[in-house]
Number of protein chains: 2
Amino acid sequence: MSVNPLNIIMSPKSIAVIGASNNPFNMGSMQYLTLLHSGYPGDVFPVHPKEETVFGNKAYSSISDLPYAPDIVLMVVPTKLIPEMMKDLGKLGTRHAVVISAGFKEAGEDGVKLEKQVISIADEFNIRFLGPNCMGLLNAQYPLNLTTAPLQTPPGNLGIISQSGTYISQTLPYLGKSGIRLSKAMSVGNEANIDIVDCLEYLEEDDDTKAIGMYIECIRRADKFLEVVSRITRKKPVVVQYVGGTDAGGRSGTSHTGAIAGPDNIYNGLFEQSGVIRVNSIEEVYKTGHVFATQPVIKGKNIAILTNSGGPGTAIATTLDGNGLNVPELSDSVQEKIKKSIPGHASSKNPVDLTFHTDIDLMVNTLPEILMKSDETDGLIVHGIMGTGYAKAFFPAIKRVFDISMEDIEKGHMFNLDKIVKMPSLYGKPLMISTFFGNNDNACSFFQDNLIPTFDSPEKAAHAMSKLYEYFLIRNRPNDNSSIILPIPKSAANIIRSGNGVNIDEFNAKEVLRSYGIPTCREKLVTNYKDAINAAMDIGYPVAVKACSSEIQHKTENNLVHLNLDNEDEVKTACESIQNIISGVPMLVCEMIKGDRELMSGMTRFPGFPPCIMFGMGGVFTEILDDNKIRFAPFGKNEALSMIETIKSHEIIENYRGMDPVDKEALSNILIKLGNIAVQFPEIKEIDLNPIIIQDGKPFVVDALFVI
Amino acid sequence: MSVNPLNIIMSPKSIAVIGASNNPFNMGSMQYLTLLHSGYPGDVFPVHPKEETVFGNKAYSSISDLPYAPDIVLMVVPTKLIPEMMKDLGKLGTRHAVVISAGFKEAGEDGVKLEKQVISIADEFNIRFLGPNCMGLLNAQYPLNLTTAPLQTPPGNLGIISQSGTYISQTLPYLGKSGIRLSKAMSVGNEANIDIVDCLEYLEEDDDTKAIGMYIECIRRADKFLEVVSRITRKKPVVVQYVGGTDAGGRSGTSHTGAIAGPDNIYNGLFEQSGVIRVNSIEEVYKTGHVFATQPVIKGKNIAILTNSGGPGTAIATTLDGNGLNVPELSDSVQEKIKKSIPGHASSKNPVDLTFHTDIDLMVNTLPEILMKSDETDGLIVHGIMGTGYAKAFFPAIKRVFDISMEDIEKGHMFNLDKIVKMPSLYGKPLMISTFFGNNDNACSFFQDNLIPTFDSPEKAAHAMSKLYEYFLIRNRPNDNSSIILPIPKSAANIIRSGNGVNIDEFNAKEVLRSYGIPTCREKLVTNYKDAINAAMDIGYPVAVKACSSEIQHKTENNLVHLNLDNEDEVKTACESIQNIISGVPMLVCEMIKGDRELMSGMTRFPGFPPCIMFGMGGVFTEILDDNKIRFAPFGKNEALSMIETIKSHEIIENYRGMDPVDKEALSNILIKLGNIAVQFPEIKEIDLNPIIIQDGKPFVVDALFVI
């Protein structure tokens, strides 16, 4: 493995900033000033063609003027200057850079050309660079800040990788207000050289980063992403917002699989297979990431709720319940302990609801301790701890009648939170605070300062708790023994490679499946009704007769499929009807598999991704039901089982309404082997196995379409 | 219609507060002080048994001691005193009260008794009251504040009705910080006398209330709620968070319909039928409500996005797209106008993305005007307007090198937002601001002060915009000509009423359906195989033969259904098989309807609700697919059509993959008439019509179950 360029870029001993001037409001200056302010301990060289000094520090007129080759160079200059400067860097001996300047690939054809030029110059000199069109980076531990704004919180344990610069610059004050602390952050821009996978590998090794948050619009190396993230998520949680995937756009509709597998589904499959936790807003990236970075790994799904108000308590319980967690009624013995402390009308069940009360010690010490200590709970959410925030709100009303100062009031709202903030580490369980007061409430800010996550809506605390549980399941998922790729069956190779890029017909498609050991219906290819009748006799009635040609699509809609034929007459009529529509077309006489469920599987390809294998509800309503899962081949049995067991209608696989449970071993074999076919025959563009009919619990592929 | 008691309670000319003392931290005192502080112009009488004065004002020792009967009395006293005080009120002549005290119905058996006692005393004296166990109310316009905290914003146009007191007290500082302004707010507590429907009728008439937000755990008068809210939502939007509905609990599983219709589905049906916008957090109640209260009604779904950063722009576009709105590429002529102003590398398409830039006037004047004025857009979301918030963040870095004050910096960030805040009313289109800076940013606080909603995550602005569009569709929905209830068919009455509470068998169930004109398969009831063969001849092969008895459930699982019988032998064998399992059981010989789709409908009842009619995907996988809609009977054609057209798989109804489009008229007739049956025969507990098979586009009920 080559050395990660971010090792140098994130911890350089010296930095040149090209583009810093004495105007504090241009971007280069902002980054320069932020860098100086960050407490960065290394050498910093402003480079400016005219200025002698920049903000009082000696400026260098050009790269070649620098006293030595700095570890990295930050470039914030007009786009067209970048190629030449990159050359200068190379000559000087600097091997790492950050290119802030925009106007490359994202700006049209000329930009694409320019970007290619920069890439090739960098390659020539072995320069690795972040950007272009990025917003810099920060390393809170070093410290080093090359963004446009100072960090407002102490160093923390959440690493951020973003394809939008905004999310590591404009949002820093927002993070400050929310008490969220970062370890490292990188804006990757156009990823011309260093991409998010490099960033992931860097954060994987960074001991200060306990959780990773990402904003993603596009993954360029999906195969590598899958490999790296699958490894990371067994050690550190990865939270991702992916946008840009709702419009499937002009995808081909030749196969069901192709029609269904839009970008959003494909990315979902990638995230599920690699163990990524997907969220739908940047707020959740930060806040869920913060929870992961600060709270112990959850060990189960039983959550205690402590509240002084029924509404928020119920909202938290409902949200937890809706996300698959439990709010168990506490045992009598735990309730007895609670009842000793609480007023008579309060509830000890869970949520533990004090209703309106004034004994704050109950809420911050006695009850949290009982609830965190109990082995009936795996985590705790508290709503209703109010400090000076409420006092400040009430102050104007009380001030009318009392000569009292805000300070006096505040004194009455000082209470000791030292114990509660230590409970997560003491008991190894997560704690979250729901409060409508922001950090101008002393309790809220104390929680933030002590790394207990606070949320301004009860439902958000519950959502975050459910993400902890989601990660618990991910972390404990079985290892997938990646599929052994079997030798290519000879007949499969013959059929597919003899086609010369022409689609193969249903019979040959199923021959390929059979050669891989995928069960299909029994069938014979015939050209006339007499042979069809003979075939039917061999197979046994009832049978199906279908036109069989690689050129026909939508057989059913075109009346080229006749099912449930019970005798010679019916077979003859069916054959005649088919021949009337397409004279001379070969026909397939198939065993009529009568099953009780229709599933499907398929394969499609998506640029930059390994082959996509889909599994889901099948039959004629496949698209409408839209209940399917995607994984990337090759994969082994555990991954195949996870596809089967996580479709929405997964109950259908089990002993549903007296049906035989589906043989999951056999079904997962179909998926694994379909993965093998996809890997071994890159010339196959798409595959549909639809339907896969379940008869007596066994799966049989009844129709197959290969698009070459 | 009787006069709404809230007319007096929300605008009393005089108030007595029982429970105010000189300790400012008990609840009665807090409410008293808040009331005084609110600027309430009427008479206020503190009542206290011992104190001569309360906070300097003359106190009255008891209700009978009051100088005259005040319009309302606020009661914050020990629970057990309430009945006696309610009597005293009645004797004094006060007819309206607010009972804050808790410890009633919510606190167990004794509380239930006490609450009944209070209700009956109130009834005796014609007293109407809010509560008990509530947190008061506020009328921002009057002004009057009977909660526990001062209002932090000027009067506004959002009315709040909450079953949790917290959401009109603890959250007031939160609303202040968010710039959200209320008109009226009511905490309804246990709803012993006044309930949320009364509150809705009050807000319906209140001209200051333009939108209504609700927190609901339970609706006690669902029929009245449906009537009132259906009317209100044609004039004012109603946003509801409903919690407590995910656990369907111990519902009977006799029918599919009963098993599927848990509280959450039932409430969803109620909300859809009445035009309520359901949200999933209290944050959304407030923020969506604020958008409705401040922004013009949206007129279409084409949204413009203006941003200075690609990430937030893309996130907004993706979220809008995912919620059914459009982000159309702007026409050449509009793009030309935009291009005149923006830098070369910026995008004029939509999102209009300036990327990093410093000309703030572009973002706040020129471009918003072009985008709001254009008839290609129905609304605008702007991300990236930064005022002093960013300056404050950057200040420490600049302060290191410049002797500059924060004030100087702030001066550089003063820009004129007067024009942009007027655009919504000028152009009649909604405007929303996405900003990571809170109200300590001068731009953010200016927007808030001028009633332009601000959001701290781009996705939230997009969500709120999508709610505006949801309301546009609700407001413009066709009026449902409520179903004409036809006379009860005689045979239906005979069959159902002769049963004496015993379930009726499938044949009779379908007889009832046929008497209402609901199409079923042709069928005959027989007792032996010979009659069965004769019946099959009459009906025509193929047929189905099933056991027919009101006592049999799960016919299919018990092998009591034989389908696709083609000849006499098969009919005979089927009959024998059935008789072997249940000797002497009557049998139904049915026309074998071969269709291409299976739908279902059903009826169930839920305490306090009108009869629930369900429609959805049918067949053996009904529960697994879980794709259905609920409405409440009686209803007319528009409502029936909306059920049919809004199931997730609604494409199945259309000309899907060459199938005949379903006759929606015939299908909606089944639903309307099922509603009639439910209304006319309250003794029927549940009905399943499953499956309803579609043959050549026509629906036929093939199996029916009536639970009496």
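Residues numbered from 1 in each chain as written. Chains lettered and ligands numbered in written order. Predicted model: local features only at pLDDT ≥ 70, side-chain atom pairs only at ≥ 80, totals over all residues.

### Describing the overall build of chain A
- In terms of regular secondary structure, chain A is built from 25 helices and 29 strands.
- Its C-alpha atoms give chain A principal-axis dimensions of about 105 × 80 × 40 Å.
- Burial statistics for chain A: of 708 residues in total, 55% are counted as buried. (Helix = DSSP H or I, 4+ residues; strand = E, 2+ residues; numbered from the N terminus. Buried ≥ 20, exposed ≤ 12 C-beta atoms within 10 Å, placed from the backbone.)

### Re the packing of helix α6 (residues 196-205) of chain A against helix α7 (residues 222-232) of chain A
Residue and element names in this part refer to chain A.
- It is the contact of α6 with α7, at a shortest axis distance of 10 Å, that shows an interaxial angle of 20°. In terms of orientation, α6 and α7 fall into the roughly parallel class. Note on packing geometry: the crossing formed by α6 with α7 is left-handed. For the pair α6 and α7, the contacting residues are V197, L200, E201 and E204 in the first and K224, F225, V228, V229 and I232 in the second.
- Here the contact of α6 with α7 is composed, by residue class, of six nonpolar, no polar and three charged. (Axes fitted to C-alpha atoms, helices over the stretch in contact; angles between N-to-C directions. Parallel < 35°, antiparallel > 145°, perpendicular 65-115°, else oblique. Left-handed = near helix turned anticlockwise from the far one by under 90°. Contact = placed C-beta atoms within 7 Å. Nonpolar A, V, L, I, M, F, W, Y, C, P; charged D, E, K, R; others polar.)

### Observations concerning the environment of P41 of chain A
Residues and elements named next belong to chain A.
- By the secondary structure assignment, P41 is in the loop between α2 (27-37) and β2 (43-47).
- Accessibility expressed as a C-beta count within 10 Å gives 10 for P41, which makes it exposed.
- Sequence separation of P41 and L667 is 626 residues, and the distance between their C-alpha atoms is 59 Å.

### Structural notes on the relation of the copies chain B and chain A
- If you rotate chain B by 180° and push it 0.0 Å along the axis, it lands on chain A with an RMSD of 0.1 Å. Expressed as a symmetry operation, the mapping of one chain copy onto the other fits a two-fold axis. Identified as the residue of chain B closest to the rotation axis by C-alpha distance is L625 of chain B, at 4.0 Å.
- The share of interface residues of chain B whose copies in chain A are also at the interface is 100%, consistent with both copies meeting through the same surface. (Least-squares fit on C-alpha atoms with pLDDT ≥ 70 in both.)

### Quick word on helix α13 (residues 360-373) of chain B
Residue and element names in this part refer to chain B.
- Here α13 is 14 residues long and its end C-alpha atoms lie 19 Å apart, about the 20 Å a rise of 1.5 Å per residue gives.
- Along α13, the largest kink reaches about 35° and is centred on L367; proline P368 follows within four residues of it.
- The secondary structure elements touched by the buried residues of α13 are β15 (303-307), α12 (332-339), β16 (352-353), β17 (379-383) and α16 (418-427). (Expected span 1.5 Å × (residues − 1). Bend = angle between axes of the 7 residues up to and from the residue.)

### Examining the sheet that holds strand β1 (residues 14-18) of chain A
Residue and element names in this part refer to chain A.
- Spatially, the five strands line up as an open sheet ordered β2-β1-β5-β6-β7, and their pairing is parallel. With one partner strand each, in any of the chains shown, β2 and β7 (128-130) form the two edges of the open sheet. On average, adjacent strands in this sheet sit at an angle of 20° to one another, irrespective of strand direction.
- Bridge analysis of β1 against strand β5 (residues 72-75) gives four bridges, and the strand direction is parallel. The residue bridging I15 from the neighbouring strand is I72, located in β5.
- Against the sheet, helix α3 (residues 82-92) contacts β1, β5 and β6 (96-99), and its axis sits at roughly 165° relative to β5. (Pairing = 2+ DSSP bridges.)

### Remarks on the sheet that holds strand β18 (residues 431-434) of chain A
All names here are of chain A.
- Read across the sheet, five strands follow the order β16-β15-β17-β18-β19 without closing on themselves; strand pairing throughout is parallel. The open sheet terminates on both sides in strands that have one partner only, identified here as β16 (352-353) and β19 (454-455).
- Bridge count between strand β17 (residues 379-383) and β18: four bridges; the pairing is parallel. Looking at β18, one finds that H383 is bridged to S434.
- In the packing of helix α11 (residues 310-322) onto the sheet, the strands contacted are β15 (303-307), β16, β17 and β18, and the crossing angle to β15 comes to about 165°.
- Sitting on the sheet, helix α18 (residues 458-475) touches β15, β17, β18 and β19, and the angle it makes with β17 is about 170°.

### What about the interface of chain B and chain A?
- Tallying the contact residues gives 74 residues for chain B and 74 residues for chain A.
- Of all elements in the fold, only α2 (27-37), α5 (172-178), α10 (282-294), α11 (310-322), α14 (388-399), α18 (458-475) and α23 (622-625) of chain B reach the threshold of two or more residues within the side of chain B that touches chain A.
- It is α11 of chain B that contributes the most residues to the side of chain B that touches chain A, eight residues altogether.
- Each residue belonging to the side of chain B that touches chain A can be placed in one class, and the counts come to 36 nonpolar, 27 polar and eleven charged.

### Points about the domain arrangement of chain A
- Segmenting chain A into domains produces domain 1 (1-164), domain 2 (295-475), domain 3 (522-591) and domain 4 (597-707).
- Averaged C-alpha coordinates put domain 1 of chain A and domain 3 of chain A at centres separated by 69 Å. (Domains from an automatic or database assignment.)

### Notes on the confidence of the model for chain A
All names here are of chain A.
- Taken over all residues, the pLDDT of chain A has a mean of 92, while the share at 70 or more is 96%.
- Of the regions scoring below 50 in pLDDT, residues 246-253 engages in 13 contacts with residues more than four places distant in sequence or in other chains.
- The complex model carries a pTM of 0.94, and its ipTM stands at 0.93. (pLDDT = per-residue confidence, 0-100.)

### What about unusual backbone geometry?
- N690 of chain A connects to P691 of chain A through a cis peptide bond whose omega is 0°.
- Its location among the elements puts P691 of chain A in strand β27 (residues 686-695).
- Of the consecutive residues Y142 of chain B and P143 of chain B, the connecting peptide bond is found in the cis state with omega at 0°.
- Relative to the assigned elements, P143 of chain B resides in the loop between β8 (137-139) and β9 (144-145).
- We note that F55 of chain A has phi near 45°; this positive angle belongs to a residue other than glycine.
- With respect to the helices, strands and loops of the structure, F55 of chain A is situated in the loop between β3 (53-54) and β4 (57-58).
- Taking the number of C-beta atoms within 10 Å as the measure of exposure, F55 of chain A has 19 and is therefore partly exposed.

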